[in-house]
Structure formats: C-alpha cells, structure tokens
Amino acid sequence: MMLGPSLPEASSLSPLWLVPAVPLLGAVINLFSGRRLGRSAGWIASTSVGAAFVLSLWLVIALLERSAESRVHIQHLFDWISVGRFAVGADLRLDVLSATMILVVTGVGLLIHVYAIGYMEGDRRYGRFFAYLNLFVFFMLLLVLADNYLLLYVGWEGVGLCSYLLIGFWFEKTENASAARKAFVTTRIGDTLMLIGLALIVAGFGSLDFGAVLGAPGDTIAKGTATAISLLLFAGAIGKSAQVPLHVWLPDAMAGPTPVSALIHAATMVTAGVYLVVRSAPLFELSGVALTVVLIVGLVTALFAATCALAQDDIKRVLAYSTVSQLGFMFMAAGMRFYTGAMFMLVAHAFYKALMFLGAGSVMHGMHEETDLQRMGGLIRRMPITGWTFVVGAFALAGVFPLAGFFAKDQILEIANHTGRTWIYLLGTLGALLSALYIGRLVFLAFFGSPRSEAAEHAHESPLVMTVPLLALAAGAILAGPLLSTSAEGTLARVLEPVTGPVPHGEGLPTLALSGIATAIALGALALAWWVYASGRVEWLTLRERLQPLPRAAGSGWYVDRAYSTVFVNPGAAAARFTANVFDTKVVDGLVNGVGTGTRRLAAVGRLLQTGFVRSYALAFLLGAVGVLVWVGTRL
Amino acid sequence: MNKLLTLTTFLPLIGALMVLGGGRGLKDRAARWVALGVSLATFIVSLVVLGRFDPAAVGSFQMVEIARWVPSIGLSYAVGIDGVSIWMLLLTTFLFPVSILASWTITKDVRRFLAAILVLETAVIGTFVALDLLLFFLFFEALLVPMYLLIGGWGGQRRIYAAVKFFLFTMAGSAFLLVAILFLYAQQEGPRLFGYGAMMDAAAGVPVTTARWLFLAFFVAFAVKVPLVPLHTWLPDAHTEAPTAGSVLLAALLLKVGTYGLIRFNLMLFPEASRYFATFVGVIAVIGIVYGAVNALVQTDIKRLVAYSSVSHLGFVVLGVFAFTQQGVTGGVLQMVNHGLATGALFLLVGMVYERTHTRDLDSMGGLASVMPWLMGAFLFTAFASAGLPGLNGFVGEFLVIVGTFAVSTWFGALAATAVVLAAIYLLWSYQRMAFGPVREEHRLLPDVNLREVVVLAPVLALLLVFGVAPTLLTDRIDPATETVIARVAPDHRIDVGVPERLTGIFTLDTKATP
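Values in this document were obtained by computation on a predicted structure and should not be read as measured data. (Residues numbered from 1 in each chain as written. Chains lettered and ligands numbered in written order. Predicted model: local features only at pLDDT ≥ 70, side-chain atom pairs only at ≥ 80, totals over all residues. Heavy atoms only, no water.)

### Focus: the overall build of chain A
Step number 1: Across its full length, chain A carries 28 helices and two strands.
Step number 2: For 636 residues, the compact-globule formula gives about 26 Å, and the C-alpha radius of gyration of chain A, at 28 Å, lands near that figure.
Step number 3: Overall size of chain A, expressed as C-alpha extent along the three principal axes, is 105 × 65 × 55 Å.
Step number 4: Looking at the 636 residues of chain A, the share that counts as buried comes to 61%.
Step number 5: Within the structure as shown, chain A displays about 22600 Å² of accessible surface, and the carbon and sulfur contribution to it stands at 68%.
Step number 6: A distance of 10 Å separates the average location of the 41 positive side-chain charges in chain A from that of its 35 negative side-chain charges. (Helix = DSSP H or I, 4+ residues; strand = E, 2+ residues; numbered from the N terminus. Rg over C-alpha atoms; globule rule 2.2 N^0.38 Å. Buried < 20%, exposed > 50% of the residue type's maximum accessible area, 1.4 Å probe, protein only. Areas by Shrake-Rupley, 256 points an atom, 1.4 Å probe, with all protein chains shown as cover. Lys, Arg positive; Asp, Glu negative; His and termini not counted. Charge placed at Lys NZ, Arg CZ, Asp CG, Glu CD.)

Shown next as structure tokens:
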C-alpha cells in the first residue's frame, strides 16, 4: 500500500470547491431569470466558466509548485451518506489527473460558451440554453474532481442529464426528442452495470473512496472480483464514451445545437469513460484481463467508426463517428497501460475536435443550417477563418507533423509496436489511414472545389464572437502537441506519472521510422482524398454508386440500429405489451379476483355496495368491532 | 404528561368535525381554509414532535402514552414513535396540507370531501403511532372508509369498480391480520393484552411452525397494501379513478402502511419466520421490481403508469428490508420517504396536467413543454427524482438497498438494478409523449402554473433536492431504529458493509502491477 503522508490542509488550494460551485451559480441564475436577462445570459454563463477556468489555472499552478509526491489535495465538504459504518462524503480531490481534466473542461468550455453567445442568438430559449450548459460544466467538474466513486457517479449521471436536455433542446421536432431519450437510455444501460460495479466495490472494500479502493493492498480482493469490477466500470465507460456496442446514441446526438456537440459530445463528456478507466487503473491492472478487453473494444471501435465516418454526407455525423473512433484510440492506449497516452490524446482531441465542431457550426451558420456535404464546396473563399482553422483541426486529427494529433496517435502506435503487439500496431495504423481519409474527404468536399449549391455560393463568415474561439482552439491544436508531448521525457508524462505510473517501454522499430511511416500514411491519405473529392478528376458520386452496397451500409452505421430494433427493442416492447395488456389484466387480476370471491360475485357485491350499503360501512365496522370485543370477552 | 402524539393524531379529526358540523352556514371557501388550517396546525405540532425526538436513543419508543381503554379485554390506548415512524408521521402531516391545497378546485360536495380527507389523516397517523395491536388494527381498518369514499365519491368514470376493488382486496387481507392478532392474544397466560410488548412475548412463545403461519397471515395483510405482486392489481385501478388528492395520499402514505407493518410487526414479532421466509420475500420483491417496471413501459394512461412504477419502487423497499443488513433496512425506510415524496409529487403534477388537458392519455398530449415550460420542467425534475438520478432523493435509498442486498445476494441486487434502466425508459418515454414534439391545436393556449400550484409544488420539489443532497437528515434518525430491528431479526449475523476507517492520499500503480 502506498499511501502518502497525511497532508496538511493547504490554504492555497482550499478554494477548490469554488471551481464547480461558480458554474452552478451561473446555471441557477440563468435558469430562474434567463428570460429577463436577455442576451446577457450568455455573458453571465461565459463569465462563470471563465472564472472557473482562471481559478483552475491558479490552483493547478499552486499544485505543481509542490513536490511530485505531495501533489494531491482532498477537500471534505460534508458527509453525504452515512449509514451504519458505510459512509460517503462529498469530497473533492485535486491531483495531477483531475487537474488535467479541469483545465480541459473549463478552458475548452469557456471558448465554446463564448462561441454559443453568437451561435444561439435569437433562440427563444436562450437563457435556458446557457443554464443547461453551465449545469453541464458543473456536473462535469464534479465528475472529475470527485474523490469517491459515488460522487463521480453523481457527476456521471448529471452530465447525462444535461446531455439529454441539450440534445432535445429543440424538442418541438420529434426526432430531436427521440435522439435525446435514446442517448440517455443507451448510456444508462452502461451506467446501471457501472452501478452494480460500485456495489461490488462496496462489497469488496467497504468503501467507495478512491484512497481506500485504489490504494488498498493488492490482495484485498480476488483477481476474479477485480475483473468483474473493472469490466462493470468499463461498461459504464462504453456507454458514456460511445464505444461498440453502445455507440449508437452519439451520431443521433448531433440533433442538439452545435456548441453542445462540441462541448459535450466531443470535448468533455464522452471522454469521461477514458478518465474513469485511467483513474481506476489499479483495479484494471489487478485484473489484467480487463485491460485486454479495453484494448480490443477500443481497437474495434476505432476501426468500425472510421469506416462509418467515411460514408457520411452530414458534416456533423462525420465528426460524430470520428469522435467515436478517436475515443477508441484513447481506450487502445489505456488498454496497453499507456495511460498518459490516453490522457494526452484526450487533451489534444478536445482541442481539435471542438475546433472542427465549432467550425461545422460556423459553416451551418453561414449556410442557413445546411449540413449536407454534397451541397457545400469552395467554402474556404467565403469563410476563410472558419475554413483555415478547420484545416488545422483536420490536419491535427489526420496526424500531420507537428500538430497535436500527430504526437497523440504516433505514440500510441509506437507503444503497440514496442510492446510486441504487431497486430494491434498494424490495425491501429489502418485506423489512422482511415481517419486521415475521412477527414480529408470532409475538408475537401466542404471547403475546396467549386460551390455545389446556391447557399454555398452565398455563404458568409461568422461574427467575431464565433471566430475568435476558433482561432484560440486552432492555436491549442497546433501547440498542444509540442508542449505536452508524452514521450517518456514529455511534460504531461512526467507530471502524470505519480498517478498513472511510468510509460511502458520495450523494443521495436526505431521511433523515427515509425514516425516516418505515420507521416507518409497521413499525407498519402490526405492526398488521395484531395484527388478523389476536390481535384475534379474523379466523379466521386459515380464511384460511390459503383461500390454499392458498401457505402450505403457504412453510411447507415452497418445497420446496427436496425439490428437492435429487430433483436431487442421490438421483441421487448411486444413482450411488455403482452405482460401489461394480457398477462397482468387478464391472468393475474382474473386469478386474484377469482381466488377471493369469483369475479361474478365481486360484481354482485359491487352492485350491493353501489346501492348505498357501503355508505353505512362505518356502522357495519363499528358493529363488527363490537362483535369482536364480545367474542373476546366471552373467552375471558 | 406529554400528549403531543395524541394531539397530532386527533387534531385532524376535530377539523373534520368542524368542517362537517359547520352546517350550511359554512361556505365551501371557508371550509377549505379551515381544513388547510387544521392540517397545517397538525404539521406544526408534528414538527414539535420531531424537535423533541432524541435521534441518539437506541431501541426504545419515545413520547410514549399509555392509557387503559377497555381493560376487560386488555385493549389499551398506547402510542409512541421511533426513528422509522417519526418520518412516516412527518411525511403524513406534510403531505396532507399539500393535498388539501391541491384539491382547491374541487367543487362537488366540498365539505364532505374535506372531512373524508381529515378523517383519513387521523387514521393514517394512528397506524403509524399505535403501539397496541388492536388499536393499530382499528386505525388500519379505519383507513379504508375515507379512502373508499374519496375514490367512490370524487373519482373518475369507473370509480365504483375501482373503489370496491380497493375495498375488497384490503378487507380480505386484513381478515388474516385480525385472526392472527386474536390468535396471539389467545396464546397469552394470565391477563391478556394487545400491547406491543405483550404480543411480542406471546409471539416468542408459540412453536416455530405456528409462528411461520402467523407471519404469513400478517404478511398477506401488508402485502396487499404494499402491494406486492401478484396482489397489486387493485392499485392501477384505484389510482386511475381516484381524485388527485386520493392518488397522492394513496401512493405516498397508504402503501407505506404496508411496508411499515412489515417492519414493525412481521420482523419484530416473528424474527425466526422472517429469516425463514426471507428468500421467498426477496424473490417476490425482485419480481415486483422488474414486473412493475415492465408493465409501466407500455401504459398509455399516465396514472396507470405511475401506479405500476410504484409497484416497482415498493419492491425495492421490501427487498432492502428483508436483506436484514444495516444499509438494506435503512435504505428501505429511506426509500419509503423518498417514494412518498416523489410519487406524491408526480400525482400532483399529473392532476395539474389533467385539469388543463382533461385527459390522462399520453397519446392525446404532446408539446406541452412549449406551452407550459415551468409545469413541464417541474414534471421532468420529479420524473428524474423518481428514476433515481443521483443528487435527487430517489438515488440514495435505491443505492443503499442495492448495496445492502448485495451483501447477502449478488443476484437479487443485480436484478433489482435493472429497474434503473427500465425506470429511465418509461419515465422519459412518457415525458416525451407528453411534453415534446409539436403542440396540439387545442392545447396551444393552456396556462402555465399559477401561484397556488407553485405553493403546492415548491415545498415538495425542494425536499426532493434536499433529501438527495443531505439524506443524513433522515438516516441519522432511521439508523438507530433499524439497528434495533436488525438486532432482533438477525442477531447472529449482523451485516454492515462499511469499513470503520477512511483512507485518503496518494496511491500509485506500482504496488499492484501484475506481470
């Protein structure tokens, strides 16, 4: 057991609770007076997240000033649950891992809030929107700052709630409402398994505190129990981070306003699963098998979703499947015990994917809500800031040196190669190739070539309040890589090591060769995408028709939704209808009525009662009571 | 001597007499204010009771009042409270003024309606404080009459069918209860008494097999009330036809009389039989949890839907109680309070929606969130509380029950957890059909909540949040009482899943890494 020395209450870190509290305050203000506030609702919301960001920055600097072994601060707010000896506190934990997360959540969150001020302009529920957005930031911060699994679960479900509210924000359209419900229910399947995992943790450790569970000696629970717990927690991660087989909700979640897609369904909430696995690494390591499962699920998802992304015509759905695929890469990293790599990719991805989502929103803003790639083209001349920042994001995702995505993906593949997982390396490289292809396809179809619709010809650039966040995120996507690179000497790796352990190492192809291969593949795929989609030399729609039915199948997400309907939803609904309409009303009710008096006699009694008999029940009851007393009295 | 509990119990009855006895001179409007005033006064008195209640006292009833009533047969007037009944009492006195205010719009036979409600309050409080079994039985029976009148007199179209069904089911159950009580009474030597202590001694004296039969007799009576599958079929009908106040009080309080009876009498009088039947009851409870939720999935009548969700939620209570673990039993009692508040609030909201749309059919609604955002917002909040969203009250009880059950049976705990998914499905799906999508033409001009409705809802909704964030307000008092229960029912293998000391600090990977 490696428990740190009992740490003195450090005053410099005691404002920690304010980090989640300020966005919560913003949410409350906007919820109850959003309508009166008018446009300033957006500024109030942005200010609250901005304040949380500045505060986080200040706290993280104070944390990093400490020596590596004492970089943890635990703040006990109050006893939440206390029954018998089982206790759960409202406790916050600031350590290097949660510090990384709060910077991403508040930093990227701030930019998206500012952007939304412009994007949501004129919406009739403007104040409500920012209330939900603030509430989301509160729950997300609670999730990553929690010092026990149950408080984490509060944040976990809370972000799910906000996701539900925001996907269905324009609930007048039935499909938006359905997408919201689908998201909540699908993720809740994972959440329920996770909840069972928490119950198992309590059974095994008697506590849900990170310190007690993750710092317990290795022999506290059996290996099988550790596997069960890890897999159940991972089930929660699969739901939240949209991994196969629970990925189906994320593409539909694009029904929400675009800032929501950027903040919740790309940069922060969906990465909660990665955070959970990295945080719970000691349990996963104890199991061993669980890590293999994480690796395989991540790999399968990364490839599967990349093929889907390649066949989408809706700009937001490309990005949604891309997010699913990228999260798969993060889980691959975690599955290989390369936790810092997973975290690094999480940070990098938050920048470039938020950037691209906001870029897509800017395109929609400039083209009257158009999302069909077939009706775009040549937009880079009409909206240069949006276009060029989008190119930066796309190149980052494709893994072009020296952008953030290059470092992230390259290192994950390198670890696969160096730990002797040749197949993982090869398939991962295939995934990287597909990623560069689909994002190249998106960029060239949308921004290059010639305009393919009236709206594309008359597209206009978005206002400053929207383009400034794009520029800031583009700067992040460019700088994050070199600054945080996770090679063994990299900054993030060194900082995270006390929590995530050392980066695994081994022998394989030299790093330079691997980087060369990766770069060649990224550039080659982008070139191919240019040739097919923007050079004008290929009739890509004709090409697509020739390849049918593959593109159609991939475009539908390989018919997984339809399969779920056929196998689970429809039979389940039919069974429930049978239970409710036939079994319960006819069989159970009939039987129970029959056992007592016979249905016919029940009706007869009913008539009797109806005619006023029961109105004098009080009298009958009194008589009965007297009768009882008399009977008892005679026995004395 | 301190007569606080007696005052709480009978104050509403006095109110009922005032309302009825006011004669024709008493206008409906004044009668409403009288009833509201009396129920509020009762609530205030019960707050004084709460204030004087000593949370730390273990294993004894407090504020006990004993008076000989019919000494020749050993019937006494004995009342008192412990950490379980104190919350049932408070829940009761809290929800009655709320229900009365929610019924402001009733115009038919107002004074009798209010009198029935106030009589019902006395009867409900009586069952929760009675410490004499015959006295308990009298209150238990007395519940039926006003509730029957409320459903039959102010209900919907099939109200007579529903009222009679409700009446016959519970009557049939209580027949068993009466027989069992009298049997125990007859077992006593010397001066026979119906008092709790005397009956406990008598129950300890009967042979094991007899005790098991007696357990079953008590169990049937309470299982009908809870209700446990397959004795639940009266509930959807009763709820559907009852007026709003009737549904609220039925779900929030009358069902709790069943679970309260299980804890107070089945577990305490027949500990051996309770252990003997624990698995059996657990199976029934789990079936109820899943079965109620599955049935709720496909209901189109919103009241029937909430009724089936109650079957599911009450299954949680029984499952936790019969786990005999500290977390399970306390979680079960907590769930009783939580279900009372959340489901009570749901029925209040359904009533408000019905008053506007005049339908309970989900397929005839839609888009209401755009015409009445606050009412629908309150609905969603309550639905999430009911679905066990962490941070709101339903979650803590549910989680404690799951954790407490896990310690004895992994499968029961895991199966019960499936209800978490199902609850999300049926609540969100019904909410979507009601609130989302395009508005129907005839609903376009419906008004949002008015001031009276805000006053009705705000306190209940506030408590959903308060008890989600600070459940210790409740559990601090529940825990000592359930400890007594567990000490009696499972003295040899007391299970408490927590660890006494808490560990915090830095942990690292290298200590556990497996090659």
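### Topic: the interface of chain A and chain B
Step number 1: Across the boundary between the two partners, chain A contributes 105 residues, which contact 92 residues of chain B.
Step number 2: Interface area, chain A with chain B, both sides summed: about 8500 Å², of which 70% is carbon and sulfur.
Step number 3: Here chain A is connected to chain B by one salt bridge.
Step number 4: Ionic pairing is found between Asp589(A) and Lys165(B), a salt bridge with its closest N-O pair at 2.6 Å. (Contact = heavy atoms within 4.5 Å. Buried area = accessible area lost by both parts, 1.4 Å probe. Salt bridge = Lys/Arg side-chain N within 4 Å of Asp/Glu carboxyl O.)

### Observations regarding the pairing of strand 1 (residues 72–83) of chain A
Residue and element names in this part refer to chain A.
Step number 1: With 10 bridges connecting them, strand 1 and strand 2 (residues 86–95) associate as antiparallel partners. Bridging across to strand 2, Ile81 finds its partner in Val88.
Step number 2: In textbook terms, the turn of a hairpin is the stretch between consecutive antiparallel strands, and for strand 1 and strand 2 this stretch comprises two residues, one of which, Gly84, has a positive phi near 60°. (Pairing = 2+ DSSP bridges.)

### Focus: the packing of helix 14 (residues 326–357) of chain B against helix 19 (residues 451–469) of chain B
Residue and element names in this part refer to chain B.
Step number 1: Helix 19 packs onto helix 14 with a crossing angle of 150° between their chain directions and a minimal axis gap of 10 Å. Overall, the two elements helix 14 and helix 19 adopt an arrangement that is roughly antiparallel. The two elements helix 14 and helix 19 meet at a crossing, and its hand is left-handed. Of helix 19, the residues touching helix 14 (which contributes Asn338, Leu341, Ala342, Ala345, Leu348, Leu349, Met352, Glu355 and Arg356) are Arg452, Glu453, Val456, Leu457, Val460, Leu461, Leu463, Leu464 and Phe467.
Step number 2: For the contact of helix 14 with helix 19, the class distribution of residues is 13 nonpolar, one polar and four charged. (Axes fitted to C-alpha atoms, helices over the stretch in contact; angles between N-to-C directions. Parallel < 35°, antiparallel > 145°, perpendicular 65-115°, else oblique. Left-handed = near helix turned anticlockwise from the far one by under 90°. Nonpolar A, V, L, I, M, F, W, Y, C, P; charged D, E, K, R; others polar.)

### As for helix 18 (residues 410–435) of chain B
Residue and element names in this part refer to chain B.
Step number 1: Over its 26 residues, helix 18 runs 38 Å from end to end, which matches the ideal 38 Å to within 8%, given 1.5 Å per residue.
Step number 2: Where burial is concerned, most of helix 18 is hidden: 20 out of the 26 residues are buried.
Step number 3: Note on helix 18: the residue one or two positions beyond its end, Gly437, has a positive phi of about 85°. (Expected span 1.5 Å × (residues − 1).)

### Section: helix 6 (residues 174–205) of chain A
All names here are of chain A.
Step number 1: For helix 6, with 32 residues, the first-to-last C-alpha span of 45 Å sits near the 46 Å given by 1.5 Å per residue.
Step number 2: Along helix 6, the sharpest change in direction is near 30° and occurs at Ile189.
Step number 3: When you tally the buried positions in helix 6, you get 24 out of 32 residues, the bulk of the element.
Step number 4: Downstream of helix 6 by one or two residues, Gly206 has phi in the positive range, about 75°. (Bend = angle between axes of the 7 residues up to and from the residue.)

### Some remarks on the environment of Pro463(A)
Residue and element names in this part refer to chain A.
Step number 1: For Pro463, the location among the structural elements is in the loop between helix 20 (454–457) and helix 21 (464–484).
Step number 2: You can call Pro463 partly exposed: its relative accessible area is 39%.
Step number 3: A C-alpha to C-alpha distance of 9.5 Å links Pro463 and Tyr115, two positions 348 residues apart in sequence.

### Comments concerning the confidence of the model for chain A
Residue and element names in this part refer to chain A.
Step number 1: In this model, chain A carries a mean pLDDT of 87, and residues with pLDDT of at least 70 account for 90%.
Step number 2: For chain A, helix 27 (residues 599–613) is the element with the lowest average pLDDT, namely 50, and helix 11 (residues 272–279) is the one with the highest, namely 96.
Step number 3: The low-confidence segment residues 1–8, where pLDDT is below 50, has 15 contacts with residues more than four positions distant or belonging to other chains.
Step number 4: With pLDDT under 50 throughout, residues 610–615 is counted as low confidence; its partners more than four residues away or in other chains account for four contacts. (pLDDT = per-residue confidence, 0-100.)

### So, the packing of helix 3 (residues 85–102) of chain B against helix 11 (residues 244–269) of chain B
Residue and element names in this part refer to chain B.
Step number 1: One way to put it is that helix 3 packs onto helix 11 with a least axis distance of 10 Å and a crossing angle of 170°. If you check the angle between helix 3 and helix 11, you find them roughly antiparallel. The segment helix 3 lies against helix 11, with Ser85, Met88, Leu91, Thr92, Leu95, Phe96 and Ser99 engaging Ala245, Val248, Leu249, Ala252, Leu253, Lys256, Tyr260 and Arg264.
Step number 2: Classifying every residue of the contact of helix 3 with helix 11 gives 10 nonpolar, three polar and two charged.

### Details of the packing of aromatic side chains
Step number 1: The tally for this structure, following the rule as stated, stands at 56 aromatic pairs over all chains.
Step number 2: Taking 5.1 Å as the distance between ring centres and 10° as the angle between the ring planes, the aromatic pair formed by Phe215(B) and Phe277(B) counts as stacked. Of this pair, Phe215(B) sits in helix 9 (residues 208–225) while Phe277(B) sits in helix 12 (residues 271–297), and the two are 62 residues apart along the sequence. Neither residue differs from the other here; Phe215(B) and Phe277(B) are each classed as buried.
Step number 3: Among the aromatic residues, those joined into a cluster by ring pairs are Phe61(B), Phe136(B), Phe140(B), Tyr196(B), Phe218(B), Phe222(B), Phe265(B) and Phe270(B).
Step number 4: Here the guanidinium or amino end of Arg128(A) rests over the ring plane of Trp374(B), the centre of that ring lying 5.5 Å away.
Step number 5: Over the ring of Trp154(B) we find Lys108(B); its NZ or CZ atom is 6.0 Å from the centre of that ring. (Phe/Tyr/Trp six-rings, centres within 6.5 Å; stacked < 30°, edge-to-face > 60°. Lys NZ or Arg CZ within 6 Å of the ring centre and 35° of its normal.)

### Some details on unusual backbone geometry
Step number 1: Of note, the amide linkage connecting Val244(A) to Pro245(A) takes the cis form, showing an omega dihedral of 10°.
Step number 2: With respect to the helices, strands and loops of the structure, Pro245(A) is situated in the loop between helix 8 (223–240) and helix 9 (249–252).
Step number 3: Note the cis peptide between Gln548(A) and Pro549(A), where omega equals 5°.
Step number 4: One non-glycine residue, Arg337(A), lies in positive phi territory at about 65°.
Step number 5: Secondary-structure assignment places Arg337(A) in the loop between helix 14 (315–335) and helix 15 (339–366).
Step number 6: The exposure class assigned to Arg337(A) is partly exposed, which follows from its relative accessible area of 34%.
Step number 7: One non-glycine residue with positive phi stands out, namely His358(B), at about 55°.
Step number 8: If you trace the backbone, His358(B) turns up in the loop between helix 14 and helix 15 (368–371).
Step number 9: Looking at His358(B), the relative accessible area reads 58%, which means it is exposed.

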